[in-house]
Structure formats: structure tokens, C-alpha cells
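Per-entry structural report
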Amino acid sequence: MYPFGSHSDISALTLTIYPPPTPTPRRRPTSGSTSALRDLNRVTLWPQTLQSAHPPASEPPPGASSEHRTPYPPATQPQSLPEALILLSSPRSCTRQGSGAPAPGSGATIFALSSGQGRCGIAVIRTSGPSSGHALRSLTAPRDLPPARSACLRLLSHPRSGEPLDHALVLWFPGPQSFTGEDCAEFHVHGGPAVVSGVLQALGSVPGLRPAEAGEFTRRAFAHGKLSLTEVEGLADLIHAETEAQRRQALRQLDGELGHLCHGWAKTLTKALAHVEAYIDFGEDDNLEEGVLEQADSQVRELELALSAHLRDARRGQRLRSGAHVVVAGPPNAGKSSLVNVLSRKPVSIVSPEPGTTRDVLETPVDLAGFPALLSDTAGLREGVGPVEQEGVRRARERLEQADLILAVLDASDLGSPSSCNFLDTVVAPPGAGSPSENSRRLLLVLNKSDLLPPGGPDPRPDLPPHLLLSCLTGEGLDGLLEALRKELAEVCGDPSTGPPLLTRARHQHHLQGCLDALRHYKQTKDLALAAEALRLARGHLGRITGGGGTEEVLDIIFRDFCVGK
């Protein structure tokens, strides 16, 4: 259902644009100016066709008598300019999801295999929708529903042929106390392909049931308010988590930590907006407490500081979700490929005593000390012998510029060679490099082949920067390297077990930046109506992170916090 009736109604919309009043400084409005301020940049949209389910009260359909006039419903009242543009540009239903909006095709009952494909001990098949109870009765004998949320052993039979399919545990989850908020049923069957296929075919023969689309169960849970948008993203990340850090972060987001943080910020903005709106509407009556605008300004300043701090995470959450880029670099024959094979626990690179074996960038995703990483083995840095090796060296230097963390590898028994000295001077400690800063690249210096050093001897070179000794041959020093990697990657990706929730997607950062920009516009503008619009825009950005939000909250706080007309 489109908010203006049928889809064809959109082409018949007329726009009535009220001219904006003269801008007013941010001070107490003069008499008679408040209503004009409220109408700033407002647009009224009315459908003008017969197909509209709710024609305006002032304009009945052509040929209709006056008794056919119906009042315009609240859902299709005139919209403000930003909302109107969104409605006009979207081909989908504009009812806000996450607050009771129906999912596409939600009238149908869906079914799917919820557990993994392939042979297994138990496979879980579930349904969601109004016909779930009918489907459960159709496949089970006796044909009564089991007690809610209790597992019962039943014989599954094909609803048409009556052929037995399997002995299964069945569960009944009546809505709204279910994952999707709808009536749901689960069939825990034996995991053989023939059994699973037979049960799925039997469900497909029940009238009103159809196979689910990808992610449709979760989409229905979001549409019925069971999950916010950030929780949906957390669930997806949890399903795809491959490391401990990814699992912890996904679980925190699924538990709603990021959503709760955004809701807290939105509550602060709503209160500030209520103060500004109340001052615009009722300021001239002298019935408001003193310092209303000052309170709003203070709340905006505090929120601006919080958003700025959260945006300074340097994309740590995105790195945690997709993996940090760790580049292994060094001169030829330092043991770079051996280190890559040790860290990835598989033979990714060819190991040979011949210099220049690796001529291209070899990349492999790995779990480094519980953090996801993309490990890159690069060509030895030297003046290339031939065009192929020169291209490999160029690509290696390019990867160094893109790296989140560099593992600089040197041969501990050959630190005085020209190639090692050149690498130390150009990569490990380049000229002009000062103290480490937040924006400087992170680097771990690893001295490989420590097994070639004399036992109990002094450090190879006392003037070296902080470094780690390692032997890829014996494994000595590997635990120390993994601990150092864990600390570095915790800084690069963020520690999901401590601190505020991370921004794991680019859209989170985009909307928080949009919210911050709107707050800065609020501080700069001298017009109260424009200031209120900036706060509304900021709230909209926060609402789009979680998929919720509304305008009625502003009115609720106005009447709760202020004694209007007292």
C-alpha cells in the first residue's frame, strides 16, 4: 500500500509551497511570528485521483456526492519538505519498518531449511506466517498443536499421500512470542538429504505456503519490531564470524549495544528539539522556564563531543568485520614466506633458498591471535633483476602504503648486509619519522632465523629499534610474536570486549557524520526554525542507523517537560 493510494497516484500529486517568512534571529519570537516560523519550508502534497483510498476531505472524487467525503487519515497528512521528497522518490511503501510495518509478501507463510546444507545428525526446518499452525497440523499425527514452546515427538506424514516421512521433534511458537513476531513452527528432523527434501516438498504442498527468500525470516523479525536494523546487522555478522573478536563484536551488536547508544543520542536530540519547538510556539506567552534554549544548546554541545569521539575510531569496526591488512615485507631471503606459512598454518608461499622466489603479492585470510586479517606475502625489496621482479617490488611497496600493520622481517644472522641496512633505513626507520602517533603506520620488527645466532650471545645489533626474535624453523619466539600481534590488532581493529560499541559498517559512519554536520549547522544558524530543522535532520540520521524513530516523541516530551499555559 503506497501512502498516496496506488502507485499511479504519485504522478498526479500537486505541490502547494508556502512562501517562507523573513528569517528571524535566534531570540524570543515577536508576537504573531510563531505560526509563520512553523510553516518555514513546508510542502503540502495531495493526491488527485480516484484510485486513492483516502481522498482529501476538501476535494471529493469526481462525480461523487458529498457524503462520500472522508477525512484525510493521519498517515497521509501533509508532510514536511524532506519527508515529502523521500515519499516521492521511493517506489516502495514508505511506512517505517521496525515499527510494525509489514514485510513484502508478509501475508504468505514461508518455510525453509534453517540449519546447514548437507548430511548431518539433525536438520531444522521452520515456517513463519499465519498458516504455520495449519502446516503443523497437516504434517503431524495427532493433528492437534503441541503446547507452545515445548518439544513433542511426532510422526511426519505427507499431507496428500499420507506417506510417513520421519519421526521428528516439532515445536510451536505462536506469535507474537516468536523470532519473527508471527506464528512459527519448527521441525527437527533427521539430517539426511532424502528426509529434508521430503519434508520440504510436503510443506510446499500445503496451501498458503511458499519457500522463503534469502533473509526473509530476519526481515520479518525487523518488520515486526523484533530486531532493530543494527541488531539485524549484528545477527548477520554473528553468522559469518570466523574469529573470536568478530564473534564478540557481533554478539554485542546483536544484543543491541549500538542501537541503545543511538537511541540514547536520539533521546537527547528529541529533548533539545522539544525545547526549541516549545520556545517557538509558546515563548511569547512567558509561560516557559528560563534558559530553555541554553539547555538545548548545552545538550547539543555534549552530543557533538560524543559523536566526534565515536567517529575517531579510524574505521576500527570495519577492519574488525572485514579483516585488517597485514603486510609481510623485508629484503630477499629474510624468511618472509616462511613466516606467512607459519601464521596461516598452511603452505601459502613457496619457500626456497634462492633469492627473489616471491615475485607477486600472495594474500590469504587468517585468524591472528583471535582477530581477522588479510596476510600479504610480498617480493623482497631490492633493485629488481628483470622486469618481472621489478613489477613485484613495485607492488610490494604499494602494499606497504595500504597496510594497517607491517611485519618487517630481517635475517637476524645477516643484519649488516646492504639490503638489510637499506630496509632498516627506508622502511623501519625512514628519515623524518618522529614518535608514533595515531595516524602513523604500525610496524613490528621481526628478526627471523634466530636459530642461527650463537646461544646465549648478545643482541645482534644494540642500536636496533624494539624487535622480536623468531625462528620459523623451530617455532621459538612464535608465542611472543602472536601476543605482540594481538596487542597491535586490538589497536587497529578495536577490542570488542571493552569500550563503546564499534561502527562495523560504512553506513554507520556516514549517518553519524551526517548527524554531526547537522548539529554544527544548528550551532551556526541564528534562525530558530532552521535550528529546529537541523535537529530534525540530525535525529533522522540517527533513526536511519537503527531503522526507527518518529515525530510523535517530540510532542510527548513537550507536554511532559513543560507546563504549557500554566
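Let's shift gears to the overall build of the chain. Scanning the chain from N- to C-terminus turns up 17 helices and 15 strands. Long-range pairs, those at least 24 residues apart, make up 67% of the contacts in the chain with a sequence separation of at least 6.

Quick look at the packing of helix α9 (residues 292–311) against helix α15 (residues 506–524) now. Packed helices, taken two at a time, are described by the angle between their axes plus the distance between the axes. Between α9 and α15, whose axes approach to 10 Å, the crossing angle comes to 145 degrees. Judged by the twist between their axes, the crossing of α9 over α15 is left-handed. Counted together, A296, D297, V300, L303, E304, L307, S308, H310 and L311 of α9 and Q509, L512, Q513, C515, L516, L519, R520, Y522 and K523 of α15 form the full contact between these two elements.

Turning to the environment of A274, a few remarks are in order. Note that A274 resides in helix α8 (residues 257–282). Its relative accessible area of 0% is what places A274 among the buried residues. Separated by 18 residues in sequence, A274 and V292 have C-alpha atoms that sit 9.7 Å apart.

A few words on the sheet that holds strand β5 (residues 140–141). The seven strands are arranged β5-β6-β7-β8-β4-β3-β9 in an open sheet whose pairing can be described as mixed. Of all the strands in the sheet, the pair left with one neighbour each is β5 and β9 (209–211). By the bridge criterion, six bridges tie strand β6 (residues 152–157) to strand β7 (residues 164–173) in an arrangement that is antiparallel. Note on β7: the bridge partner recorded for C152 is V170.

Next up on the list: the confidence of the model for the chain. When pLDDT drops low, the exact placement of atoms in the prediction is not to be read closely. Confidence in the prediction of the chain, expressed as mean pLDDT, is 76, and 73% of residues score 70 or more. Across residues 27–104, where pLDDT falls below 50, the model places 135 contacts with residues more than four positions away in sequence or in other chains. The low-confidence segment residues 550–566 (pLDDT under 50) makes 28 contacts with residues lying over four places distant or belonging to another chain.

Turning to the pairing of strand β11 (residues 362–368), a few remarks are in order. For β11 and strand β12 (residues 371–377), the ladder comprises seven bridges, and the chain directions are antiparallel. Of the residues in β12, the one forming a bridge with D367 is P372. Counted along the chain from β11 to the antiparallel partner β12, the turn is two residues long, and its residue A369 has a positive phi close to 55 degrees.

In total, this model carries zero aromatic pairs according to the counting rule given. The ring of F217 has R126 lying over it, and the distance from NZ or CZ to the ring centre is 4.4 Å.

So, on to the sheet that holds β12. With mixed pairing, six strands are arranged side by side in an open sheet as β11-β12-β10-β13-β14-β15. The open sheet terminates on both sides in strands that have one partner only, identified here as β11 and β15 (467–469). On average, each strand axis in the sheet is inclined to that of its neighbour by 25 degrees, with strand direction left out of account. Its contacts with the sheet put helix α13 (residues 418–428) on β10 (324–329), β13 (405–411) and β14 (442–448), and the angle it makes with β13 is roughly 165 degrees.

On to the pattern of salt bridges. One pass over the structure, following the stated rule, counts 25 salt bridges. Among the ionic pairs, E491 bridges to R442, the shortest N-O distance being 3.9 Å. With a gap of 49 residues between them, E491 in helix α14 (residues 478–493) and R442 in strand β14 connect regions that are remote in the sequence. Note on R442: relative accessible area 30%, which makes it partly exposed. Connected via shared salt-bridge partners are D360, E363, E391, R394, R395, E398 and R399.

In this section: the side chain of D237. Here D237 lies in helix α6 (residues 229–240). Only 3.0 Å separates the side chain of D237 from the side chain of R505, close enough to count as a polar contact. Once residues lying within four places of it in the same chain are set aside, the contact partners of D237 are A250, R321, T504 and R505.

The N-to-C vectors of α15 and helix α16 (residues 528–546) enclose an angle of 170 degrees; their axes lie 8 Å apart at closest approach. Compared by their axis directions, α15 and α16 come out roughly antiparallel. For the pair α15 and α16, contact is made by R507, H508, H511, L512, G514, C515, A518, L519, H521 and Y522 and by A531, A534, L535, L537, A538, H541, L542, R544 and I545, respectively. Here the contact of α15 with α16 is composed, by residue class, of 12 nonpolar, five polar and two charged.

Moving on, we come to α13. Restricting attention to buried positions, one finds in α13 the residues S420, F423, L424, V427 and V428. One face of α13 carries all of its buried residues, which in axial projection span an arc of 110 degrees. Next to the buried residues of α13 lie β10, α12 (387–402), β13 and β14.

Moving on, we come to the environment of S197. By secondary structure assignment, the location of S197 is in helix α4 (residues 193–204). Once the C-alpha coordinates of S197 and L165 are considered, the two residues, 32 residues apart in sequence, prove to be 9.9 Å apart.

Criteria and thresholds
- Residues numbered from 1 in each chain as written.
- Predicted model: local features only at pLDDT ≥ 70, side-chain atom pairs only at ≥ 80, totals over all residues.
- Heavy atoms only, no water.
- Helix = DSSP H or I, 4+ residues; strand = E, 2+ residues; numbered from the N terminus.
- Contact = heavy atoms within 4.5 Å.
- Axes fitted to C-alpha atoms, helices over the stretch in contact; angles between N-to-C directions.
- Left-handed = near helix turned anticlockwise from the far one by under 90°.
- Buried < 20%, exposed > 50% of the residue type's maximum accessible area, 1.4 Å probe, protein only.
- Pairing = 2+ DSSP bridges.
- pLDDT = per-residue confidence, 0-100.
- Phe/Tyr/Trp six-rings, centres within 6.5 Å; stacked < 30°, edge-to-face > 60°.
- Lys NZ or Arg CZ within 6 Å of the ring centre and 35° of its normal.
- Salt bridge = Lys/Arg side-chain N within 4 Å of Asp/Glu carboxyl O.
- Polar contact = N/O pair within 3.5 Å; in protein donor to acceptor, adjacent residues only side chain to side chain.
- Parallel < 35°, antiparallel > 145°, perpendicular 65-115°, else oblique.
- Nonpolar A, V, L, I, M, F, W, Y, C, P; charged D, E, K, R; others polar.
- Arc of directions from axis to C-beta.

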